[in-house]
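Tertiary structure, described
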Amino acid sequence: MNIFRLLGDLSHLLAIIILLLKIWKTRSCAGISGKSQVLFTLVYTTRYLDLVTTYVSLYNSTMKVVFLVASFATVYLIYVKFKATYDHNHDTFRVEFLIIPAFILALIINDNYSPFEVLWTFSIYLESVAILPQLFMVSKTGEAESITSHYLFALGSYRALYILNWIYRYITENYHDLIAIVAGFVQTVLYCDFFYLYITKVLKGKKLQLPA
C-alpha cells in the first residue's frame, strides 16, 4: 500500500458512489451505458474470485466486496428497477468485440495457465477497454451530463493514479507487473481526450461534448 494506490482506490470508489447516487437520486439511468457496467461487473467477478481462496487483509477484502456489490447493484438499477429510463437505442457498442479478444489474449499472454490466473489476466485486459461503450454512447448522443462527466473523470483518475502506484513500486520495491502496466496505460490513454474536455469545459460550467 502507498499513497498513490490509496488515492486510486478512493477515486475508484468515488466514481462508483457518484454513479449510484446519480441513478438513485434522479430515478433515471439516462446517459449511462449499461453495457459498460456489465463489462465492469464481469471484470470484478473474474478478478475477485480469490476472495474465496486467499486472504490478504481486511482492507483488500472489503474493497473487493464493495466493488462487486456496487457493480451488481448498478446493473440491477439499469436493467431492472429503472429499465424504462435506459437509453438502449444509443447504447449499441458491440461488446463481443471486446470480450472475445480479451479472453483470447488472456489465454495467450499470462503469467501461468491456472484458471484463476487466466481469469485475472482476462479481467485486466477487459478493464482496459470496458469504458469504450460509455465513451461511444457519449459521442453518439453528442454530450454528457455533468454528473456523468464527474463519474468518468473519477474513473479515469483511478487508472492514472495506479500508473503512479506502479512507478512508485518499481522504484521502491523493484516490482512490476508488465501485463497490468500495459493494460492500465492503454486504459488511461483512452481517457486523454475526455480529461482535456473535462478540464476545459466541465470545470468552467459548460456541457461536455465529445467529437463524433
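Read on for a plain summary of the structure. Please read these numbers as outputs of a predicted model, since none were measured by experiment.

Some words on the side chain of Arg159
Following the sequence through the fold, Arg159 ends up in helix α7 (residues 146-173). Relative accessible area serves as the criterion here: at 5%, Arg159 is assigned to the buried category. A polar contact is formed between the side chain of Arg159 and the side chain of Tyr158, at a distance of 2.6 Å. Excluding residues that lie within four positions of it along the chain, Arg159 makes contacts with Glu127, Trp166, Gly184, Gln187 and Thr188.

Details of a nonpolar patch on the surface
Taken together, Ile100, Phe103, Ile104, Leu105, Leu107, Ile108 and Ile109 make up a surface patch of nonpolar side chains, about 610 Å² in accessible area. Position of Leu105 relative to the elements: it lies in helix α4 (residues 96-108). According to the relative accessible area criterion, Leu105 is partly exposed, its value standing at 34%.

Here we look at the side chain of Ser33
Secondary-structure assignment places Ser33 in the loop between α1 (3-26) and α2 (34-47). At 2.8 Å, the side chain of Ser33 and the side chain of Asp91 are in polar contact. If near-sequence neighbours (up to four positions away) are discounted, Ser33 is found in contact with Asp91, Pro133, Gln134 and Met137.

Observations concerning α1
Given a rise of 1.5 Å per residue, 24 residues ought to cover 34 Å, and the 34 Å separating the end C-alpha atoms of α1 matches this to within 8%. With a side-chain oxygen lying 2.9 Å from the backbone nitrogen of Phe4, the N-terminal cap of α1 falls on Asn2. Two residues or fewer past α1, Arg27 is found with a positive phi of approximately 55 degrees.

Quick look at the nonpolar core
Residues Leu126, Tyr151 and Leu155 are the most contacted members of the largest nonpolar core, which totals 48 residues. Contributing elements (two or more residues each) for this core: α1, α2, α3 (58-81), α4, α5 (115-129), α6 (132-141), α7 and α8 (178-190). Sequence-distant contacts of Leu126, that is, excluding residues within four places in its chain, are made with Leu39, Leu42, Val43, Leu98, Ile99 and Ala102.

Here is what the cut-offs are and how they apply
- Residues numbered from 1 in each chain as written.
- Predicted model: local features only at pLDDT ≥ 70, side-chain atom pairs only at ≥ 80, totals over all residues.
- Heavy atoms only, no water.
- Helix = DSSP H or I, 4+ residues; strand = E, 2+ residues; numbered from the N terminus.
- Buried < 20%, exposed > 50% of the residue type's maximum accessible area, 1.4 Å probe, protein only.
- Polar contact = N/O pair within 3.5 Å; in protein donor to acceptor, adjacent residues only side chain to side chain.
- Contact = heavy atoms within 4.5 Å.
- Patch = residues over 30% accessible without salt bridge, like charges linked within 9 Å, V, L, I, M, F, W, Y side chains within 5 Å.
- Areas by Shrake-Rupley, 256 points an atom, 1.4 Å probe, with all protein chains shown as cover.
- Salt bridge = Lys/Arg side-chain N within 4 Å of Asp/Glu carboxyl O.
- Expected span 1.5 Å × (residues − 1).
- Core = buried A, V, L, I, M, F, W, Y, C linked by side-chain atoms within 4.5 Å.

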